Amino acid sequence: MNKIRFTLQGLGAAIFILAITTLAPAQALRTWVSGVGDDANPCSRTAPCKTYAGAISKTARDGEISTLDPGGFGAVTITKSVTINGGGGGQGYGSILASLVNGIIINITDAADTRKSVRLDWLNINGASNGLDGIRLLAGNTLHVENTLIDGFAGDGIEAAFSAAATTVISVNKTTIRNCAGSGIRTSAFSGGSIRLNVNNVQITKCGIGVDQVNGTIGNIHDSMISSNTTGVQTNESTAGSLVNIDSTTISNNTGTGVNVVGGSRARIARCNILQNGTSLSPAANVDSGGNNSIVGNTTNTAPGGTPFPQN
């Protein structure tokens, strides 16, 4: 009798677990949002969700949220590796209105998430002049931002502000950042950590500082336009050295300094146009040159005074 009772109890527990598993929402590698969707839907292509926040809970780790048509899809917090694709290619343009909030927060701390990687593509992130940050990275290994417009934030367009040491790569490609009271892009690694920043084909205008590397950042800026800010590019490390490499880039019409180097940092420039700024380079002794730069029309024209490096 005891044996039968034990067997029945085990069978009952198994049925209960199966029932709970069946009721738990399934997560898909690809989910969908639409301007006419509903977050009560399963986020399939034929029954899409309404917001990115609604879709992300139904998207599996390393999966992708796709946008079916233009619409406003709301601010979102990302805690796992995921791609958010705003459409492009004729599908749509994913809009996030972020009045008084951050547009996107990324905070991936799950040890089981080995990639800790986020890709944001074809998004329009609008801060309505009072949003906090467009994209705020708190924890994660990799962030890719492509084909995106970030506009109108009281803080920064993209900010990486860590509270623990980490090695992180941030890549910003084919993106426009404008009208941010803080910086267009601001990076600050925690003590003992490092950030590798890659900026390619990016326009940053009407911000406080175009690109601001505060601590522990090695940055590369290529084929970009950084114009009409207070400061164009700043690299700042009080002790031992952030570094920024800038090539084939126009830094112009910034009211303060085009390239500002603080503390133990270093800047390297090659094939750049540094035009109509308050001061071209400061201090010039901390700027190394590969030659072929045009430095003209600044209120104070200072030539690179650091070590020249060979051209190939």
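Residues numbered from 1 in each chain as written. Predicted model: local features only at pLDDT ≥ 70, side-chain atom pairs only at ≥ 80, totals over all residues. Heavy atoms only, no water.

### Here we look at the overall build of the protein chain
Here comes step 1: Counting secondary structure elements, the protein chain contains 2 helices and 27 strands.
Here comes step 2: Burial statistics for the protein chain: of 312 residues in total, 50% are counted as buried.
Here comes step 3: A separation threshold of at least 6 residues defines the contact pool for the protein chain, and within that pool the share at least 24 residues apart is 54%.
Here comes step 4: With the model as given, the accessible surface of the protein chain reaches about 13,700 Å², and the carbon-plus-sulfur share is 55%. (Helix = DSSP H or I, 4+ residues; strand = E, 2+ residues; numbered from the N terminus. Buried < 20%, exposed > 50% of the residue type's maximum accessible area, 1.4 Å probe, protein only. Contact = heavy atoms within 4.5 Å. Areas by Shrake-Rupley, 256 points an atom, 1.4 Å probe, with all protein chains shown as cover.)

### Overview of the pairing of strand β8 (residues 104–107)
Here comes step 1: Burial along β8 is one-sided: I104 and I106 are buried, while I105 and N107, pointing the other way, are not.
Here comes step 2: Note that strand β4 (residues 76–78) and β8 share 3 bridges and pair parallel. Counted as the bridge partner of I78 is I106 from β8.
Here comes step 3: Note: β8 against strand β11 (residues 135–139), 4 bridges, orientation parallel. Of the residues in β11, the one forming a bridge with N107 is A139. (Pairing = 2+ DSSP bridges.)

### Notes on the pattern of salt bridges
It is possible for side chains bearing opposite charge to pair when their charged atoms get close.
Here comes step 1: In total, this model carries 12 salt bridges according to the counting rule given.
Here comes step 2: Two residues, E64 and R30, come together in a salt bridge whose shortest N-O distance is 3.5 Å. On the criterion of sequence distance, the pair formed by E64 in strand β2 (residues 59–67) and R30 in strand β1 (residues 28–33) is long-range, its members being 34 residues apart.
Here comes step 3: Its salt-bridge partner being R61, residue D110 comes within 3.8 Å of it at the nearest N-O pair. Note that D110 is positioned in the loop between β8 and β9 (117–121) and R61 in strand β2, a separation of 49 residues in sequence.
Here comes step 4: A relative accessible area of 37% means that R61 is categorised as partly exposed.
Here comes step 5: What you see here is one network of salt bridges that share partners, running through D133, R136, E159, R186 and D212. (Salt bridge = Lys/Arg side-chain N within 4 Å of Asp/Glu carboxyl O.)

### Digging into the state of the cysteines
By definition, a disulfide is the covalent link that joins the sulfur atoms of two cysteine residues.
Here comes step 1: The full count for this structure, using the stated rule, is 1 disulfide.
Here comes step 2: Here C43 connects covalently by a disulfide to C49, the sulfurs 1.8 Å from one another. Between C43 and C49, the S-S torsion sits near -70 degrees, and that sign places the bridge as left-handed.
Here comes step 3: A relative accessible area of 1% means that C43 is categorised as buried.
Here comes step 4: Note on C207: no disulfide assigned, nearest cysteine sulfur contributed by C180 at a separation of 4.3 Å. (Disulfide = S-S within 2.5 Å.)

### A look at the nonpolar core
Here comes step 1: Ranked by size, the top nonpolar core spans 57 residues in total, and within it I78, I104, L120 and I135 carry the most contacts.
Here comes step 2: Among the elements that make up this core, the one with the highest residue count is strand β16 (residues 194–215) (7 residues). (Core = buried A, V, L, I, M, F, W, Y, C linked by side-chain atoms within 4.5 Å.)

### Focus: unusual backbone geometry
Here comes step 1: Cis peptide bonds are those with omega within 30 degrees of zero, and the linkage from S282 to P283 qualifies with -15 degrees.
Here comes step 2: In this fold, P283 is placed in the loop between β25 (279–282) and β26 (287–289).
Here comes step 3: The phi angle at N179 is positive, at roughly 55 degrees, despite the residue not being glycine.
Here comes step 4: Tracing the backbone shows N179 in strand β15 (residues 167–188).
Here comes step 5: Assessed through its relative accessible area of 38%, N179 is described here as partly exposed.
Here comes step 6: Of note in this structure, S228 is not a glycine but carries a positive phi near 60 degrees.

### Section: the packing of aromatic side chains
Here comes step 1: Under the counting rule described, the total for this entry stands at 1 aromatic pair.
Here comes step 2: With 5.1 Å between their ring centres and 45 degrees between their planes, Y52 and F73 make a pair best called tilted. In this pair, Y52 is assigned in helix α2 (residues 52–56) and F73 in the loop between β3 (71–72) and β4, connecting sequence segments 21 residues apart.
Here comes step 3: Residue placement shows R45 over the ring face of W32; its charged tip is 4.6 Å from the ring centre. (Phe/Tyr/Trp six-rings, centres within 6.5 Å; stacked < 30°, edge-to-face > 60°. Lys NZ or Arg CZ within 6 Å of the ring centre and 35° of its normal.)

### A few points about the side chain of N147
Here comes step 1: Mapped onto the elements of the fold, N147 is located in the loop between β12 (142–146) and β13 (149–153).
Here comes step 2: A polar contact of 2.8 Å, which involves the side chain of N147, links it to the side chain of D121.
Here comes step 3: If we ignore the near neighbours within four places in the chain, the residues touching N147 are Y93, D121, W122, L123, N173, K174 and T175. (Polar contact = N/O pair within 3.5 Å; in protein donor to acceptor, adjacent residues only side chain to side chain.)

### Quick notes on the environment of G306
Here comes step 1: With respect to the secondary-structure elements, G306 resides in the segment after β27 (294–296).
Here comes step 2: When the C-alpha atoms of G306 and A284 are compared, they prove to be 6.9 Å apart, with 22 residues separating the residues in sequence.

### Some remarks on the side chain of E64
Here comes step 1: The class for E64 is buried, based on a relative accessible area of 18%.
Here comes step 2: A distance of 3.4 Å separates a polar atom in the side chain of E64 from a polar atom in the side chain of N85.
Here comes step 3: Ignoring anything within four residues of it in the chain, the contact list for E64 reads L29, R30, T31, T59, T83 and N85.

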